[in-house]
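Spelled out, the chains give:
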Amino acid sequence: MRRPLPPRRRGPTVDSVYRVVLASAAAVVFVIVALIVVEVAHGSMPSIRALGFGFLIQTQWDPVADHYGALPYLYGTLVSSILALILAVPLGLGSAVFLAELAKGKVAATVSFVMELLAAIPSIVYGIWGFFVLAPFLRTVLEPWLIANFGYLPLFRGTPFGIGMLNAGIVLAIMIVPTIVSISREVLLAIPRSLREGSLALGATRAEAIGITLDAAKPGILGSIVLALGRALGETMAVTMVIGNTNRISASLLDPSATMASVIANEFTEATGALYLSALIQIALVLFAVTIVVNALARGLVWLTTGGRRDIAAAA
Amino acid sequence: MTPAAEAMTPPAWVDRTPRAVQLWRAALNKIVLGACILAAGLVVLPLVLIVGYLVANGLAGLNLAFFTHMPKPVGEPGGGMANAIVGTLLVVGVAAAMALPLGISAGVYLAEYGRGRFATLVRYTTDVLSGVPSIVVGVVAYGLVVVPMGRFSGFAGSVALTILMLPPIIRATEEMVRLVPQSYRQAALALGAPRWKTTQQIVLPAARAGIVTASMLAVARAAGETAPLLFTALGNRFWSLRMDQPIATLPVFIYDYAKAPYTDWNRQAWTGALVLVLLVTLISLALRLTVRRVRDR
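Residues numbered from 1 in each chain as written. Chains lettered and ligands numbered in written order. Predicted model: local features only at pLDDT ≥ 70, side-chain atom pairs only at ≥ 80, totals over all residues.

Caption draft 1: Spatial organisation of the overall build of chain B. For chain B, the helix and strand inventory stands at 11 helices and zero strands. Along chain B, helices and strands appear, N-terminal first, in the series α-α-α-α-α-α-α-α-α-α-α. Over its C-alpha trace chain B gives a radius of gyration of 28 Å, far above what one expects of a compact globule, namely 19 Å for 297 residues. Oriented by its inertia axes, the alpha-carbon framework of chain B measures out at about 100 × 65 × 40 Å. (Helix = DSSP H or I, 4+ residues; strand = E, 2+ residues; numbered from the N terminus. Rg over C-alpha atoms; globule rule 2.2 N^0.38 Å.)

Caption draft 2: Structural view of the overall build of chain A. Of regular secondary structure, chain A possesses 13 helices and two strands. The C-alpha radius of gyration of chain A comes to 25 Å, more than 25% above the 20 Å expected for a compact globule of 316 residues. Within chain A, the fraction of its 316 residues that count as buried is 48%. Considering only intrachain contacts with a sequence separation of at least 6, the fraction spanning at least 24 residues in chain A is 77%. (Buried ≥ 20, exposed ≤ 12 C-beta atoms within 10 Å, placed from the backbone. Contact = placed C-beta atoms within 7 Å.)

Caption draft 3: Spatial organisation of the packing of helix 4 (residues 105–120) of chain A against helix 6 (residues 165–190) of chain A. Residues and elements named next belong to chain A. Interhelical geometry of helix 4 versus helix 6 gives an angle of 135 degrees and a closest axis separation of 9 Å. Here helix 4 lies oblique to helix 6, going by the angle between them. Once helix 4 is placed against helix 6, the crossing between them reads as left-handed. In contact with Met115, Leu118 and Ala119 of helix 4, helix 6 contributes Pro178, Val181 and Ser182. (Axes fitted to C-alpha atoms, helices over the stretch in contact; angles between N-to-C directions. Parallel < 35°, antiparallel > 145°, perpendicular 65-115°, else oblique. Left-handed = near helix turned anticlockwise from the far one by under 90°.)

Caption draft 4: Main features of the interface of chain B and chain A. Counting residues at the interface gives 69 residues for chain B and 71 residues for chain A. Secondary structure elements with two or more residues in the side of chain B that touches chain A: helix 2 (19–59), helix 4 (82–113), helix 5 (117–130), helix 6 (134–149), helix 7 (154–178), helix 9 (195–223), helix 10 (250–259) and helix 11 (263–296) of chain B. Residue contributions to the side of chain B that touches chain A peak at 19 residues, all from helix 2 of chain B. Across the side of chain B that touches chain A, the residue classes break down as 50 nonpolar, 10 polar and nine charged. (Nonpolar A, V, L, I, M, F, W, Y, C, P; charged D, E, K, R; others polar.)

Caption draft 5: Region of the structure containing the environment of Pro251(B). Inspection of the secondary structure assignment puts Pro251(B) in helix 10. For Pro251(B), a count of 27 C-beta atoms within 10 Å gives the class buried. Counting along the chain gives 219 residues from Pro251(B) to Val32(B), while the straight-line C-alpha distance between them is 42 Å. Residues within four places of Pro251(B) in sequence aside, it is in contact with Pro122(A), Ile124(A), Gly224(B), Glu225(B), Thr226(B), Leu229(B) and Leu276(B).

Caption draft 6: Molecular detail of helix 1 (residues 14–51) of chain A. All names here are of chain A. Across its 38 residues, helix 1 extends 55 Å between first and last C-alpha, which sits within 8% of the 56 Å expected from 1.5 Å per residue. Most pronounced at methionine 45, the bend in helix 1 amounts to some 45 degrees, and the proline proline 46 follows within four residues. Looking one or two residues beyond helix 1, the residue adopting positive phi is glycine 52, at roughly 60 degrees. (Expected span 1.5 Å × (residues − 1). Bend = angle between axes of the 7 residues up to and from the residue.)

Caption draft 7: Quick peek at unusual backbone geometry. Even without glycine at this site, Asn245(A) takes up a positive phi of about 45 degrees. On the secondary structure map, Asn245(A) appears in the loop between helix 10 (237–242) and helix 11 (260–267). If you check the backbone angles, Leu234(B) has positive phi at about 65 degrees while not being a glycine. Within the fold, Leu234(B) resides in the loop between helix 9 and helix 10. Since 21 C-beta atoms lie within 10 Å of it, Leu234(B) is described here as buried.

Caption draft 8: Just the environment of Val43(B), in detail. Inspection of the secondary structure puts Val43(B) in helix 2. Classification of Val43(B) by C-beta neighbours within 10 Å gives buried; the count is 27. Setting aside residues up to four positions removed in sequence, Val43(B) forms contacts with Leu91(A), Ser95(A), Val177(A) and Val181(A).

Caption draft 9: The arrangement of the packing of helix 3 (residues 71–102) of chain A against helix 6 of chain A in detail. All names here are of chain A. Viewed as axis vectors pointing N to C, helix 3 and helix 6 meet at an angle of 35 degrees, and their least axial separation amounts to 6 Å. The way helix 3 lies across helix 6 gives a crossing that is right-handed. Broken down by class, the residue content of the contact of helix 3 with helix 6 amounts to 23 nonpolar, six polar and two charged.

Caption draft 10: Highlighting the environment of Glu267(A). Looking at the secondary structure, you find Glu267(A) in helix 11. Taking the C-alpha atoms as reference points, Glu267(A) and Leu277(A), separated by 10 residues in sequence, lie 8.8 Å from one another.

Dropping the structure here:
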């Protein structure tokens, strides 16, 4: 004989309360992102009202005259990040291929461990190294050599300061390489083995088989590069220490420059006027917007290749 | 044709690619593989250089006084960063106290209930949040805490670090909870445990070791952040444990000492950097070991 089911309990159960508590903790991330947007947008209102769009295309940054144009910082951020990518992408891709396709056991484990360590070093430490070790090397060895041999290019004209765009680009490259390596490696490992085995069976050399795999992994690798770009755009302390913080646009990589992040770090505590402070916050707004777009793009690309596997997204 | 000669000539279906092309392909193969190995070597090199210089320059000033003494005024040799070390522990501790419960709860939610659109949105927002530059987070904490309070404070620094810690904690927790075998949950539910009890008493203990390790890694990373503290915690040359006042932190101290035109301060910046790296890596290493021991028992 079937007994009737017990009557359903009304009202909240412990289970549903538990779930709601956890869900509200998860919802905090929305609150935080909203706070960031509101705070930064609100803080930059005075500057947006006073300076308008000219802010982004003007080059004078003159707190005394209370006139602010952010173009040199946009330029510095863009050029230092691109320089970093030019240096980091070939090395990072090569290492990723090495780790995913060639290295075995101990060697692979060691290189991966080194990557993890590189990613764990605080950026201020990179800054100190760039300032006290790399800068003297650039000033006395590399930059004079570049000037002597490639001085006919506008890129390598000027005085060897040691501090400047080139130094920032190199330090940034060192900092973003682990991002490119760890994600590209995961993406490469996610490509089906059959593709590799098929090309080898058809008589391809190992390099050619790697080429086939790389081709299949293209969106994911591109994603890792864009993610690294996002990191380079927002990197602050290391760049602030080695770029020279000079407000000018120069074609030469040897000249000191400044980035959006570095000008905020450098001038925020000293900003006395309301408009001065607001202009700096507006730079933060632009930086925030740019990194959001770049990161959204990168996540999309990585998700495309890996089918949204969380562990790979987490490697970022 | 003799049988021997027949065995010598290759059958018709064998590759007829000209010898030069074959040689070229073989050479290209070597070049590409060599380049990959070279790239890996070049990527490891900077780490060796950075750690090498860090140890070489930092070790000289590493003594007990560095941990127990206050900073000395310019010109007086010696002194330490006792206040900055304690300040960093305080600011990071308060931040962890705020970020850990929130982040772990959110991560558990995503792993145990996270199937719908809401969860996808939370995941995506977490990813977005992890991409926000730390200097921007500093600006936000300045507007949220420093402006209303009317002064720089250690608490403002903690708020900034909390925002930076959350995404990695959430993501790591979700990963770790997912690793718990489905059969654990099924067994608990089959025995009549409600879902919350299953999560709380079966799943979480099983995932504890992983959650602790991964979360502390996030905390240790945040401890090394400088940019968001520049205009929140600000810094302080004196002994202060008050979180509503400007407080000294190790990363900001290192920055100030590295920029200063005094070689003695620069030396101390190196030592500070060494201590910071040791702090960051030792915390995570020690945790990893203790967690492993607890788990093995």
